[in-house]
Every structure is written in C-alpha cells, then in structure tokens.
Amino acid sequence: MGSFRRFVTVLGASALMVGTLTISVAATSVTASAASKFKACVVTDTGGINDKSFNESAWDGLKAAAKQDSNISVQYLSSTSSADYAPNINSFISKGCGIIVTVGFLMDAATAAAANAHPSQKFAIVDDAPTVKAGTHVLALQYETDQAGFLGGILAAGMTKTGTVATYGGENFSAVTLYMNGFVAGVRYFDKTYSKSVKVLGWTPGKGTCSLAACAGSGTFIGNFTDQTAGKTDTTTFFSEGADIVFPVAGSVGLGSVAAAKLAGAGHYVMWVDSNGCESDAADCKYFVGTVAKGVEPSVEASVLSAAKGTFKAGSYIGTLKNDGTALEYGGVMIPASLKAKIATAKAGIIAGTISVNPNSYPAVK
Amino acid sequence: MSEIAPAEIPQGSNEPVDEGPVWARRTSALWVRYTSSSPIVIAALAVFLGLVFGAIIIATTTPAVLDAWRSIFHHWSGLPVAIKVTFDNVGSAYRAIFTGSVVDPQGFWHSLTTGKGWPNTLTPISETFTYATPLVIVSIGVGIAFQTGLFNIGANGQAVIGGIAGAAVGSMLHLPTILHLPLTLLGGIAGGMLCGALPGVLKAYTGAHEVIVTLMFNYVTYAFLLYAVLSTPFQQPGQSNDIGRTMDPSAILAPLFGTKSGLRVSYGVFVAAAVVVFAWWLLDRSSMGFDFRVTGANPAAARASGINGRRVIVVVFLISGGLAGLAGLVQVASTTHYIDGGFLIGNAGIGFTAITVALLGRNRPMGIVWASLLFAALGVGGRNMQASTGIPLDLATVIQSAIVLFVATPVLVKEIFRLRAAPTATVQLATKGWGS
Amino acid sequence: MQLELRGITKRFGSFTANDQISLKVEPGQIHSLLGENGAGKSTLMNVLFGLLRPDEGEILIDGVVTPINDSGEAVRRGIGMVHQHFMLVPVFTVAENVVLGFEPKKSFDRIDYRAATEDIRRLSQEFHLEVDPDAVIENLPVGLQQRVEILKALSHDAELLILDEPTAVLTPQEIDALMDIMRSLAAAGKSILFITHKLKEVKAIADVITVIRHGQVVGTAEPSASESELASLMVGRDVQLTVTKSTYDPGDEVLEVRDLVVLDDRGLVAVNGVSFDVRAGEVLALAGVQGNGQTELVEALVGMRPVVSGSITLKGRDITHLSPRDALDAGLGHIPEDRQRDGLVLSMSVADNLVLNTPRRAPFARRGTRNLAAVKENAQRLVREFDIRTTSIEAPASSLSGGNQQKVIVARELSRNIEFLVASQPTRGLDVGSIEYVHRQFIEHRNRGNGSLIVSSELDEVLALGDRIAVMFEGRISGIVDPTTSREDIGLLMAGHTTEVAGV
C-alpha cells in the first residue's frame, strides 16, 4: 500500500475523531428534562448499591420514595475508597440534589464537612450521627438493632432442640456487634426467665453497655462481608459444636450459612439479618426461623418524601421496636404460639423500658 | 549470525513516495513520521481506540439509544433521529468526563469574566491532580521494578502498610510541622520498604518467585490493616468501628490553595514531583540504576559484568516498596487524614492500577506522569459522568482497561491504523514476561 | 534436479540485497555459496524457498521457468531447506517432528505413526543418518537434531537440499559426520546448496563454489583454489589468515591454577583437579571438544562459578573465591562464550555496552551519578580504535552484526587495563574478516607482555594463537603441548588418549 493511501486513511481517522469531539461538545445534555424534578441522591460507601446490606437498602429507600412521588428522581454514586466520599458528596451538591443520603459511619467526617460548608443542603446519613454546626440540615438515621436482636435471641432460644445457638459477624465493629450483643442478651434473658440453659456461641459481650457508636466484645468474625465460603465453613463448625440455629450478621456471607444448613439436614436453621430473608431469598424461606430487621429502607424513604414535600426535619431518628425502625420478623418455620407470646411480652417490656437489652444484666450459662 | 532479510535495510530508509499530488506528498512525509509505530504514537492511538470502544459500549447499553434504534424497525425516517440520539448520548458522556476532570468551559468563562466561582471552576482539575499524585508515586515504584525485570504485584499491600505507618506517626506523635511532616513521610516510606524487603530478600536468597510472594503478601497486609484499625493504639478513640486515628494538622499534606478554597490538591504534588526527578536520576543517570537496567534487560550479562544480582533485587524491592508506601501515605495525608478498613481495597487499589499505569507509561517517569493523569482524569470525570448522565462509573474502568489492552498489543493498533514499522528499535513490551 | 537462478534481484527499499545473481546447480552436485555475513546469502535462499518474492529474475527447475510463491510450493517442487536455527518441537519425537504438517492419516483422522516410523527408518538407512525415530528431540545432541531436519526434507521427496550455515553449531566430529552424509546424498543424485563462510569446509566438500559479496556474484572457484584466494574473493581484499606473532619470550607466571575442582549446574564434577600456569607474554590455548569442562573452568576463573577446591592465583594474589565484580577489578578480562547472553545487553546502546562492567569506575561515574559525557567519549574513542561498525554509539547492540558485537566486547575488555585475558570461543560464528581482526587484537595484547587463556573448540584457532596448547578431556588436562604438535596428536589428546602422544 502506498504512502498516499495510508495518509488518507489516517486523515480520515483523525477527521472522524475531530468530528466526534465537535459533536460531543455541541451536544445537549440528555438529562436536562430531569432538572425540574426533586433530586434524591445517595452516595454509597465502597459496598455499592448491590451489597445486600445498608447501601442497597438506602438505594431501595430512594426508589421506593420515587415510586410514591412521581416528582422525585433518584441518582447514586458509588465510592471506591474513603477518599471518594468528599468529592462524591460535592458532586451531588453541585448537581442540585434536594437531599443527599450518605451511608455509614465511615462517611461521618465527609458528611459533616459538606454540611458545615453548605448549611442549607439537606442530608440524611444512615447508621451514624455526625457532629455538625447549628443551622445545618442533617438527619441522622440510627437503629437500636440490639432490641430486635434481643427478640431474635428469645426466638432462637425457644426454638433450639440442641440447647445451643450461635452467631457470627462480618467485622468486629459496632454496627455489627450491636445485633450480636442483643441476640446474646435475649438468650440469657430467656434462660433466666424460663429457667433454661441455652448456650450461645460466637459472641462474648464486653463489660460495659453497648451504644450505637461503640459495642465491644469478642467473637467469631469472617473478616469481610463477601466470603460466603467462610460463612459456610464457620456455620458448619457451629453445627458440629452442637448449635442448630445460627445468626450471621455479615450481609451476603449469611448465604453461606444457608448452604451449610441445607447440607447439615433437617433441624438446622438460620436467623437472617437486616431485611426479611423470606423476601430477599424466598427460595430458602423454610430455613429461616426469622429475620432481625433494620428499617433502613422505610426510614430513608420517609426522609426523602419529607424533603420532597418540604416537611424535612433535621436532627436524629432512632429506629426502635416502638417505632418499627427495627423489628423481629418471622420466617418460614412454624413458631409455637406460646413462644410468640413470650416474644410479645419481651417486646412490650423493652418498649416500656422494664426489660434491659444489656447481656450483662443476666447471668451467662456456662 | 544469520542474515535476516529485513535487518539488512539501512535505518531510516523508507519507500519512495510515488503517489498523489505534491502537497499530499509533502504532508504525507510528515505523516510518515507520525504514523510510524513509535511507542508514543502507539500509546496515543491506544487511548483513542479506548475512547472509541467506550463510545460503542455507551451506545449499546444506554436505553434511550437502543430505543431510538428500535424505532427504525417501524419506519426508516427514524434513522437520523437514532444517529442523533447516539451522538448526543456518547457526546454528553464524554463531555461530562472532560468537564468533570479538566474544566467546564462555561464555568471557566464565567469565572474569567466575573472573577467569581474560581474554586468551583478549578475543582475538576484539582481532583484529577489529587488522584494522580499517589498514583504517580506508586507507579514509578512499580515501573522501576519492571525495568529491573521484577514484578512487584505487592505494591498495593506496601502502600497499605506505608499508609498505616505514616498515619500512625502522623496521629500518635505530636510535633511541630517542620519535624512532623518529614517524619510522617519517612514513616510511610519505611513501612513500604519493610513490606517490600521481605519478598525481595526471599527472592534473592531462596529464589521464591516474587509474583507469588508479593501477591500473597497483599492479603497479609489487608488482614493487618483490619487488625490495626480495630486495635487500641491505632483505632480512633471512642470508636469501635474500623476507623483509625486522625492525623494531626502538623502531619498532613495541606491543600495547596488553603482549606477554605475547597480544592483538595495538596502539597503532595511536590512530593510526586520529587519522586519523578529521583526516578529520572536513578534510571537515567545513576550507576545503581544502570545496574538495575542491565539486570532487567539481561540477567546473565549482569552477572558476568559483576553486578550483584541479590543486592539489586533487595535494593529494587526496597525502593519499589518505599515508593509504594510513600504513595499510600500521600493518599491518606492529602485526602481523608485517617485510615479505615476499606483503605486501598478493591477498586481503590492504586497498587494494582499502578501496574497498568506503568505499562502505559512504558516505565518511564514522565510517561507514568501522563498515564497517571489520564487514569485519574477518567476516574474523576467518570464520577461526573455518572452524576450527570447516569452512565455507571464502571465505564471509566472499561475505557482504562481497553486502553491498556491496546497498549499491550501494539500489533493490533498497528494493524488498525496500518502503521509502518518504527524507523529505529521495534516496539518492546514494557516487561519481559514472568521470568525470574 | 537441475536448478538455475537467472538474474535474481531483491531490493528492500533503496537497499539491494541480491543484485542480478545467477547460478546453476546440477543433479548430484554439491554447490557451495560462500560469502561473508550480510553478503545476501540468506536472502537468496529465502527467495529460492518461496519466503521472499524476487523483484527481478527467474528460477528454472530442470530447464523450466518455475515461479515459487510460497514455501509449500517449494516443497512440492522438491526443494528442501535446513535452517540454521532448527524448526523442531523439542518435546516431540523424531517421527512426530518429521511428519508435522504432513501427517499420514488412517481412518478417523488418526495419525499413522507406524507408517511414519517405517518411512524414517528406511530413509535413515538409505543415507546413513542413524536416527532413532522414537527419540525425543530435546534429548538429542545438536548434530542429530540437524539430521532430523535433513530427514524432514528428504521425507518430502526433496531433490535439492539447501543447508544454511549447517556447521555453525556443530563440533568437529559432527561436522565430519555431516560431510559424510552430504556426500552420500550427492551420490544418490540429490543436489545440495551449501551456504557457509568457512573456507576449510568449502574446500573439503564442494564441487563448485560461488562467491557472493554485497549481494553480487563476484566469482566462481574450484575447490582446489587456496584458502587465501577464496578469502580475498569473499572479503574483497587480501586477508591474513595466519597471524604473525613476535617471538615467544615468556616472562614470569601471571596466572597459576592448582588442583581446581568445579561442579557443573547439575552438581557433577566438571573440572576435576586442573592445574596449569600462564606466563606474561604468553597465550595458553585450551583445546578440547565442547562440554569437557572448559565452560565451567572459565566461569570459575572469572568468579561466576564457585570453586570447590584448589586455588587460582593472579600475580601472586589469591583470587579463588572472588565475586565476578572483584575478579574483574583484580584485573581479569573476560570474553564470554555466549556473547549475546553473557557479554552484551542487546537492547542497550553500544556506548552503555562499552562500559557494561565498569559503570562505577572513574571517569564514567562520580559519587553514584554517571558521567554520560565520559561514557560517550569512551564509546567514540573505542568505536574508532577498534573499528566497530555501527550507525551510532547510541544504536542498540542488537543492531550490530555478530562480528561487530564481538568487537564491542573485545574493545571493552582490552581497553580496561587488564592483567590477564580469558576468552572463550572468541570467534565462533564470526566471518573471516572479523576473525582476522579479533586474532590480531589478541596477539597485540600478548605482544604487550600480557597473559591470556583462549578457549576454543576450533583446532585452527588453537594452533594459530597458542604459544602452548592445553587439551581438556572429561574435566582434566590431558596434555599441554607446543603448537608444532601434529593435528593428529592433538586430536588423540582431545579424545583422551594421553599415553600414545609423545612429549606429554
């Protein structure tokens, strides 16, 4: 091939390139029509919107709000590292988002900084309560999951045939251990109140009281929220140690526990976490004795709707058994009515403040 | 030596230009220069092809575009609209990448004429530099190892350890800036060096393959990271979550234009610049770097020339690991000022991105600077693209990967653009395979 | 088969690799194509084998003009080629390699190995090739691998065999065996085109000699022509085939080796108690068939291989256990056996290669920073002094011809004021002009009063350079003789027969 033809080829290619650039600069924004709507935006942490955990729940909350109110449009930005939080939030501020939902205590600093710099911007942050200046518009969404975990503990203790139940977590931090701590408290309460001796494996509560910010203790942890094989291995170990109900607090790792329960045969169950297992994993409903649910989706939905309507109130929202911000939901296993009654009693006692969810209030079974 | 026919062609001789009018002949002589497959041309064309590839992905995955094309099944008159919708979508995506990573022309004009809104106008380019800074440093570390024929796949783990070590110095000691910042930087370097020395020593004295050791060592460092951010001395006081202590203001790399500007670009760019100068000196001017390059290009000749191969391996791993550690520290000290359990894990693993950046930059310091800026711009601009068009950020990763693919297969690029062989040396892959 | 080339011209851009080349090969004839590296021999053969298309000229087979467009066509026309670098699959057997691409088939697409094996056995017997069809290639010595290549060509009914530098990789014994095979092939009526630059071989076997230079036929010669006639025809000027040495006047001992024991890579004893001295102003030539411990001995001398026992002393200093760097600094010069592997970094510039083992030495570096001006100045000087042909001192070493690559190494070693030179197979694969040049440099080095150890498996070289000749066999010195000893006696020593040789 001669040089001339090659020259023409390259010239053609460059013309195409220049043309594309020209058109792209001249093009109008395709999302212009969305500008008139109320924008609800979520910045996820590194888990992304499909993490089967609170990022996904928050995104579902946004979508649910958009379904309720057709004037709401929704957007998300995932973060690949903590360095992305601040620019992601700022990006949404400059895009004119009506409310920005941030997820998790890791975004505490970035959310607080953005709120202080833009006091009129509405924020909702899941699982965290940042310290911000007066005049800012931040709604902290937090959930006392140890309350529902407590009920889960009673359910597990009432259902076990072997007299041993177990729990494990993804990582040893408070968003996770709060559930486990409540679970252990519920089992101990059951033992004390009904003179049983059900044992719990996988979590030894620390000395003090647990709060949303800190909940110390030691136990079994996978080290992440993704390794289902590890979840299966650990659950099988619990089963071999005599447990027949396992409560994984580790997002999708819990699916490994379901697999282990199937493998172990009849009489082995899983207590699901966060959002109802019989909905998110309907095929395995018969392995779930129940779900210790956390109301991320409804609370996010409510805050977005209020922001769209103009009734948004900054401050703090604490999800409890009382306001259904956390709850025990039953699964696909038959629960005796007597046990349900015991759970209802305990729930009323917690709401009334007469029953403590601190495991240290009850003696541990050796 | 056998005679191989093409080798007998004297260098620089090209086919006579015998077609086309005079102007075309002159211009085409110029084109011959620029269409020869020099590595820089290959890299530029690879970037272009990556963008074309991204455009195809956008066009074939955006519902609006697909709907427009579906409509032409009903009536041909929909064709111009379909074409327009395609170009609109691709155009707005790339425009968002550009305005989100370099500058928005409208905002720039506004700032220029009114003198207002400069921080907003400069945010995109500031973000690009913020992300490029640690990437330059770690990629140079990886590139130096590549030039020595060593694969440091563990740069990410070394960056994690460097980040932890530096953040620990920066948060647990309390000193005036003049001492604290240098000590913090040294802490990062020392952490990375420690972590790099191990695979280096194992390789030099037991022959353990560095790819395996460094790769596996990454997992050790991730486990250590979780341990560190969840254990008392380093964990943020009053937290039971996986978050480390916040560094003192005296230890951080402060924003260049002050905290008030909101621009995150920090004094870290000077650290990166110093690393670039150091790497240039090391590779091009120092006798130690000469030893490295000889070892990388021909280990047998290196041995015969009296180069101590073991020492070279250990020293290269110390330098490579030290730079990775410095990069991890720069990342913390210029952005969050604290480390959490997700530090440099997953997509944020700059130590892995560094491998592709070094490849794209052909292991040369300045090449790495350009490649880092490109990758940072795609990431930063990709975020803007997602925020304004809804096209997922992952597209930026797709484009990055496509570019690397094209760079790694120069033959493909040469075929697509029908380039002639380079007048001098043939294009060499930046690395030499998994040899030891 | 009669083959005729008429006016073959092949250009690459403005460069003419073959210029109006005409020659004729008769049936049963061994036709030698003699020329320096780069003269255009391989280009011509690639044209003939259909790998390159000629710009002008035609190929006639048995008097008929036959264009050859690809190698498949060449094979069908009865042309077989044995490449310098073998095209064999190392892990396959001989039979599998021979049938590769032309597998005889049974039903269901199965390969008929039995037929293939039989075929090979028959051909092997017919031409005295003595190849086992079931042997795996990687286990065979180079000489036998080459025979597999020949078998491959014969199994495709080749009537004309092109042998491209076939002796470059062979030992003297293997060369003799190859010559026998070539003769029996010719006797069976096959035509042979034998490409080489080695004069002795041409004289030994060729029926007709065509000499090419710069892509042109510069003449034909009879095998009776003298070596120097052939050489001057090939090189284009008078060539001194024998080196003139000043009188042998040895000084004190420079290098003393005592009871040296060295292991090879597999941990077996390769050098088994070797002792010798080399004196100032003396060349000790070390002869022997490749693989008798010479490589390991040289590596031990220059510090690249650990010494198990024994001692090496250079000018009274014990250098037995020095690292390569320390051995180089102690004053040893080393011209390695495999120049592309151990001697050069092909991707780096000529200038860098010229300071490859002295990058830290003044004036090339100061306090860790290289002085590129000094490196450049050094390169310019050495390129001039040692007549290294390169387009630029910045050109990569890979762009140089083999002879010039060796000149780079020789220049580097001889320019750094060494006490003692160790050279291993210094002229292997070089053309006549380069050999002459390298030999002259060695002799000048000797004449300046320095000691040298020159290891070579070429008997001619050993005889030309050595003031004394040591012969190595199975890890021991089987004898040290003076260069007037007959070739036969040295040959006996090389085969390990110490007792029969007088004067040992």
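Every value quoted in this text rests on a predicted model; they were computed, and no experiment measured them.

Each value, and the rule that gives it
Residues numbered from 1 in each chain as written. Chains lettered and ligands numbered in written order. Predicted model: local features only at pLDDT ≥ 70, side-chain atom pairs only at ≥ 80, totals over all residues. Heavy atoms only, no water. Helix = DSSP H or I, 4+ residues; strand = E, 2+ residues; numbered from the N terminus. Buried < 20%, exposed > 50% of the residue type's maximum accessible area, 1.4 Å probe, protein only. Contact = heavy atoms within 4.5 Å. Areas by Shrake-Rupley, 256 points an atom, 1.4 Å probe, with all protein chains shown as cover. Domains from an automatic or database assignment. Salt bridge = Lys/Arg side-chain N within 4 Å of Asp/Glu carboxyl O. Nonpolar A, V, L, I, M, F, W, Y, C, P; charged D, E, K, R; others polar. Pairing = 2+ DSSP bridges. Axes fitted to C-alpha atoms, helices over the stretch in contact; angles between N-to-C directions. Polar contact = N/O pair within 3.5 Å; in protein donor to acceptor, adjacent residues only side chain to side chain. Right-handed = clockwise from strand over helix to strand, strands pointing away. 1 Å grid on protein atoms, 1.4 Å probe; cavity = no way out; pocket = protein on both sides within 12 Å on 5 of 7 lines; lining within 4 Å. Points joined across faces, edges and corners; volume = space filled by probe spheres on them. Core = buried A, V, L, I, M, F, W, Y, C linked by side-chain atoms within 4.5 Å.

K.L.:
What's the story with the overall build of chain B in this structure? I'm lost.
P.N.:
Counting secondary structure elements, chain B contains 17 helices and zero strands. The burial tally for chain B puts 55% of its 436 residues in the buried class. Nonlocal contacts in chain B, meaning residues at least 24 apart in sequence, comprise 73% of its contacts between residues at least 6 apart. Carbon and sulfur atoms provide 70% of the accessible area of chain B, an area that totals close to 18,700 Å².

K.L.:
What should I look at first to understand the domain arrangement of chain C in this one?
P.N.:
Accessible area lost upon the coming together of the parts is a frequently used measure of interface size. Residue and element names in this part refer to chain C. Domain boundaries in chain C define domain 1 (3-235), domain 2 (240-331 + 418-504) and domain 3 (346-416). For domain 1 and domain 2, the distance between their C-alpha centres works out to 35 Å. Contact residues are listed per partner, giving 14 residues for domain 1 and twelve residues for domain 2. Viewed at the interface, domain 2 and domain 1 are joined by one salt bridge. With a shortest N-O distance of 2.7 Å, Asp 460 and Lys 200 are connected by a salt bridge. A per-element tally of the side of domain 1 that touches domain 2 places helix H8 (residues 227-235) first, with five residues. Looking at the side of domain 1 that touches domain 2 residue by residue, the classes come out as five nonpolar, five polar and four charged.

K.L.:
What is the right way to look at the sheet that holds strand S19 (residues 420-424) of chain C in this model?
P.N.:
Pairing between the strands of a sheet comes from backbone hydrogen bonds, and it takes one of two forms, parallel or antiparallel. Residue and element names in this part refer to chain C. Strand order in the open sheet made by the six strands is S16-S19-S20-S13-S21-S22, with mixed pairing throughout. The two strands at the open ends of the sheet, each matched to only one other strand, are strand S16 (332-335) and strand S22 (476-481). Geometrically, the sheet is characterised by an average inter-axis angle of 20° between neighbouring strands, direction not taken into account. Note that strand S13 (residues 283-287) and strand S21 (residues 468-473) share four bridges and pair parallel. Residue pairing across strands places Leu 286 opposite Ala 470, the latter belonging to S21. Helix-sheet contacts for helix H14 (residues 402-414) involve S16 and S19, and the interaxial angle to S16 is about 175°.

K.L.:
How do you make sense of the pattern of salt bridges when you look at a structure like this?
P.N.:
If the charged atoms of two oppositely charged side chains come close together, the side chains can form a pair. All names here are of chain C. On inspection of all chains with the given rule, the structure shows 41 salt bridges over all chains. Notably, a salt bridge pairs Lys 315 with Glu 419, separated by 2.9 Å at the nearest N-O pair. Highlighted residues: Lys 315 in the loop between strand S14 (307-314) and strand S15 (317-318) and Glu 419 in the loop between H14 and S19, separated in sequence by 104 residues. When the shortest N-O distance is used, the salt bridge between Asp 467 and Arg 446 registers 2.8 Å.

K.L.:
Looking at this structure, I do not really get the environment of Trp272(A). What am I missing?
P.N.:
Residues and elements named next belong to chain A. For Trp 272, the location among the structural elements is in strand S11 (residues 269-274). Overall, the relative accessible area of 8% leaves Trp 272 in the buried class. On a C-alpha basis, the gap between Trp 272 and Val 246 in space is 8.8 Å, while along the polypeptide they are 26 residues apart. Ignoring any residue separated from it by four or fewer positions in sequence, one finds Trp 272 in contact with Phe 247, Gly 251, Gly 254, Leu 255, Val 258, Gly 277, Ser 280, Phe 288, Gly 290, Thr 291 and Val 292. Reaching out from Trp 272, the side chain makes a polar contact with the backbone oxygen of Ser 275 at a distance of 3.5 Å.

K.L.:
Would you mind showing me how to read the pairing of strand S20 (residues 451-455) of chain C here?
P.N.:
On a regular strand, one side chain projects to one face of the sheet and the next to the other, so that they alternate. All names here are of chain C. Counting buried positions along S20 yields five of five residues, so the element is predominantly enclosed. In S20, alternate side chains face the same way, and those of Gly 451, Leu 453 and Val 455 on one face and Ser 452 and Ile 454 on the other are all buried. Looking at chain direction, S13 and S20 are connected through four bridges and run parallel. Note on S20: the bridge partner recorded for Val 283 is Ser 452. For S19 and S20, the ladder comprises five bridges, and the chain directions are parallel. By the bridge assignment, Val 422 is partnered in S20 with Leu 453. Once you follow S19 into helix H15 (residues 432-447) and on to S20, the crossover reads as right-handed.

K.L.:
Before we go on, may I ask you to explain the arrangement of the chains in this structure?
P.N.:
Among two pairs of chains with at least one contact, chains A and B form the most extensive contact set. The two units chain A and chain C never meet; even their closest C-alpha atoms stay 13 Å apart.

K.L.:
Is there a simple way to think about the sheet that holds strand S2 (residues 15-25) of chain C in this case?
P.N.:
All names here are of chain C. In spatial order, the strands read S2-S1-S4-S5; together these four strands make up an open sheet with antiparallel pairing. Edge positions in the sheet fall to S2 and strand S5 (64-65), since each of these pairs with one other strand and no more. Here strand S4 (residues 56-61) runs beside S5; their pairing, made up of two bridges, is antiparallel. Its bridge partner being in S5, Ile 61 is matched across the sheet by Val 64. Against the sheet, helix H1 (residues 41-48) makes contact with strand S1 (3-12), S2 and S4, and its axis sits at roughly 115° relative to S1, the strand it touches most.

K.L.:
Help me understand empty space enclosed by the protein in this model?
P.N.:
By rolling a water-sized probe across the atoms, one finds the places where empty space is left. What the rule picks out here adds up to six cavities of 30 Å³ or more. If you add up the space inside the second largest cavity, you get close to 60 Å³. Along the walls of the second largest cavity sit Ala301(B), Ala304(B), Ser305(B), Leu328(C), His334(C), Pro336(C), Asp342(C), Gly343(C), Asn357(C), Arg412(C) and Glu413(C), which together make up its complete lining. Among the residues forming the lining of the second largest cavity, the class breakdown is four nonpolar, four polar and three charged.

K.L.:
Quick question: what am I supposed to make of the nonpolar core here?
P.N.:
Nonpolar side chains in soluble globular proteins tend to be buried together. If you look at the biggest cluster of nonpolar residues, it comprises 141 residues, and the most contacted ones within it are Ile137(B), Ile140(B), Ile144(B), Ile339(B), Leu354(C) and Phe442(C). Ranked by residue count, the leading element in this core is helix H13 (residues 309-334) of chain B, at 14 residues. In terms of domain composition, this core takes at least three residues from each of domain 2 (240-331 + 418-504) and domain 3 (346-416) of chain C. Leaving out residues up to four positions away in the same chain, Ile339(B) has contacts with Gly163(B), Ile164(B), Ala167(B), Leu225(B), Val229(B), Phe234(B), Ile243(B), Gly244(B) and Val332(B).

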